Amino acid sequence: RRKFLKSNKSEFSHIEQDFLRIALVYPDIHFELRHTVTSLHPEEVVCYNLPPAGLRERIVAVFGKQINTSLLSVAADSSMAKIYGFVGKPEDANRQRTKQYFFVNGRFMKHPYFHKAVVQAYDRMLQDGTSPDYFLYFEMDPECIDVNIHPTKTEIKFENESEIWKILMASVKEALGRFSVVPSIDFDNDSMLEIPPYKNDLTADEPIINVDPSYNPFNVGKTAP
């Protein structure tokens, strides 16, 4: 096993990743991660000290205060699944995908199909090549998912994926709309274009109709007896 280990930095990155996948699921539990930077100076550094908090507070504690203003809450409850969590504002989307998390029943998962549902919900609000942040949690009947389709147990098969895809996209769209992220027309803006009132300046001559006052339609085709 030792000869397959990578650098200390790479191995710690994997540990940190697994640590966050657990800490973001259980915000009510106190987590702490310490790391010995070098073997020459074995001094432990506290990388994370996460006291019990709410879900939003836990995300902010992990990723910094700057993310707080970007988080838009998502909530959907149906007979198939309960979906809740947060998505980022479109202007904060970036090319890195370090803040994209799906969880189902307390388990981290990777799901490219559901990722497309989130991205599609933004509908042209994202710059090319960027992707939004999201922290989305699914709660559902364990009988409706299969966690044994991949050795790492991070890829999960859903029984009703297409229906849940629609619920997920609709809930993200609703979150974006509820917080007025979708651009709207400001009717109070003084810089709006002035549209002149319609004026009908066209003039036309009155039509002339020639009438024969002696014409009697009942006499057409009549012959004398």
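Placed above this text is the structure.
Novice: Explanation requested: the overall build of the protein chain in the structure shown.
Specialist: A count of helical and extended segments in the protein chain gives four helices and nine strands. N-terminal to C-terminal, the α/β element order of the protein chain is α-β-β-α-β-β-β-β-α-β-β-β-α. Evaluated residue by residue, the protein chain yields a buried proportion of 33% over its 225 residues. Within the protein chain, contacts between residues at least 6 apart in sequence are counted, and of these 62% link residues at least 24 apart.

Novice: How should I be thinking about a nonpolar patch on the surface in this particular structure?
Specialist: Taken together, the side chains of Ile22, Tyr26 and Ile29 present a nonpolar region at the surface, about 260 Å² in accessible area. Among the secondary structure elements, isoleucine 22 is positioned in helix α1 (residues 8-23). Residue isoleucine 22 is classed as partly exposed on the basis of its relative accessible area of 44%.

Novice: What is the right way to read the environment of lysine 116 from this model?
Specialist: Within the secondary structure, lysine 116 sits in helix α3 (residues 112-122). When its relative accessible area of 56% is taken as the criterion, lysine 116 is described as exposed.

Novice: I would appreciate a short explanation of the pattern of salt bridges in the present structure.
Specialist: Two side chains that carry opposite charge are able to pair once their charged atoms sit near each other. On inspection of all chains with the given rule, the structure shows six salt bridges. For arginine 178, the salt bridge is made with glutamate 174, and the minimal N-O distance between the two is 2.8 Å. Of the two residues, arginine 178 and glutamate 174 are both situated in helix α4 (residues 161-178); the distance of four residues between them amounts to about one turn of the helix. Here the salt bridges do not stand alone but share partners, grouping Glu32, Arg34 and Glu44 into one network.

Novice: What am I meant to see in the nonpolar core here?
Specialist: In globular proteins that are soluble, nonpolar side chains generally tend to be buried together. Counting residues in each nonpolar core, the largest one holds 33 residues, and the members touching the most others are Phe102, Phe114, Leu136, Phe138, Phe158 and Leu168. Within the residue set of this core, elements represented by two or more residues are β3 (71-77), β4 (82-88), β5 (100-104), α3, β7 (134-139) and α4. Looking at this core, the element that brings in the most residues is α4, giving eight residues. Discounting chain neighbours no more than four positions away, the residues touching phenylalanine 138 are Lys82, Ile83, Phe102, Phe103, Val104, Asn105, Met109, Phe114, Ile164 and Leu168. Counting 23 residues, the second-largest nonpolar core is a separate cluster that includes Phe31, Phe63, Leu71 and Tyr137.

Novice: Looking at this structure, I do not really get the pairing of β3. What am I missing?
Specialist: In regular strands, side chains alternate between the two faces of the sheet. When β3 meets β4, the two strands line up antiparallel, connected through seven bridges. Across the sheet, residue alanine 75 finds its bridge partner in β4, namely tyrosine 84. Where β3 hands over to β4, the hairpin turn is made up of four residues, counted between the paired strands.

Novice: Any chance you could explain helix α2 (residues 55-63) here in plain terms?
Specialist: Within an α-helix, residues lying three or four positions from one another point in the same direction, as the helix has 3.6 residues per turn. Those residues of α2 that sit buried are Leu55, Arg58, Ile59, Val60, Val62 and Phe63. A positive backbone phi angle near 105° is found at glycine 64, which sits one or two residues after α2.

Novice: Help me understand unusual backbone geometry, please; the structure alone is not making it clear to me.
Specialist: Excluding glycine, residues mostly have negative phi values, and the peptide bonds linking residues are mostly trans. Positive phi outside glycine occurs at asparagine 105, with the angle close to 50°. Considering the arrangement of structural elements, one finds asparagine 105 in the loop between β5 and β6 (107-109). In this structure asparagine 105 comes out as partly exposed when scored by relative accessible area, which is 34%. Positive phi is not limited to glycine here, since lysine 153 has a value of about 65°. In this structure, lysine 153 sits in the loop between β8 (145-146) and β9 (157-158). Residue classification places lysine 153 among the partly exposed positions, given a relative accessible area of 34%.

Novice: Help me out: how do you make sense of the packing of aromatic side chains in this one?
Specialist: Aromatic ring pairs are defined here through the distance separating the ring centres and the angle between the ring planes. Evaluated as defined, the whole model comprises 18 aromatic pairs. When the ring of phenylalanine 63 is compared with that of tyrosine 101, the centres are 6.2 Å apart and the planes differ by 50°; the resulting orientation is tilted. Of this pair, phenylalanine 63 sits in helix α2 while tyrosine 101 is found in strand β5, placing the two residues 38 residues apart along the sequence. In this pair, the class of phenylalanine 63 matches that of tyrosine 101, namely buried. On the basis of an interplanar angle of 70° and a centroid distance of 6.1 Å, the ring pair of tyrosine 101 and phenylalanine 108 is categorised as edge-to-face.

What counts as what
Residues numbered from 1 in each chain as written. Predicted model: local features only at pLDDT ≥ 70, side-chain atom pairs only at ≥ 80, totals over all residues. Heavy atoms only, no water. Helix = DSSP H or I, 4+ residues; strand = E, 2+ residues; numbered from the N terminus. Buried < 20%, exposed > 50% of the residue type's maximum accessible area, 1.4 Å probe, protein only. Contact = heavy atoms within 4.5 Å. Patch = residues over 30% accessible without salt bridge, like charges linked within 9 Å, V, L, I, M, F, W, Y side chains within 5 Å. Areas by Shrake-Rupley, 256 points an atom, 1.4 Å probe, with all protein chains shown as cover. Salt bridge = Lys/Arg side-chain N within 4 Å of Asp/Glu carboxyl O. Core = buried A, V, L, I, M, F, W, Y, C linked by side-chain atoms within 4.5 Å. Pairing = 2+ DSSP bridges. Phe/Tyr/Trp six-rings, centres within 6.5 Å; stacked < 30°, edge-to-face > 60°.

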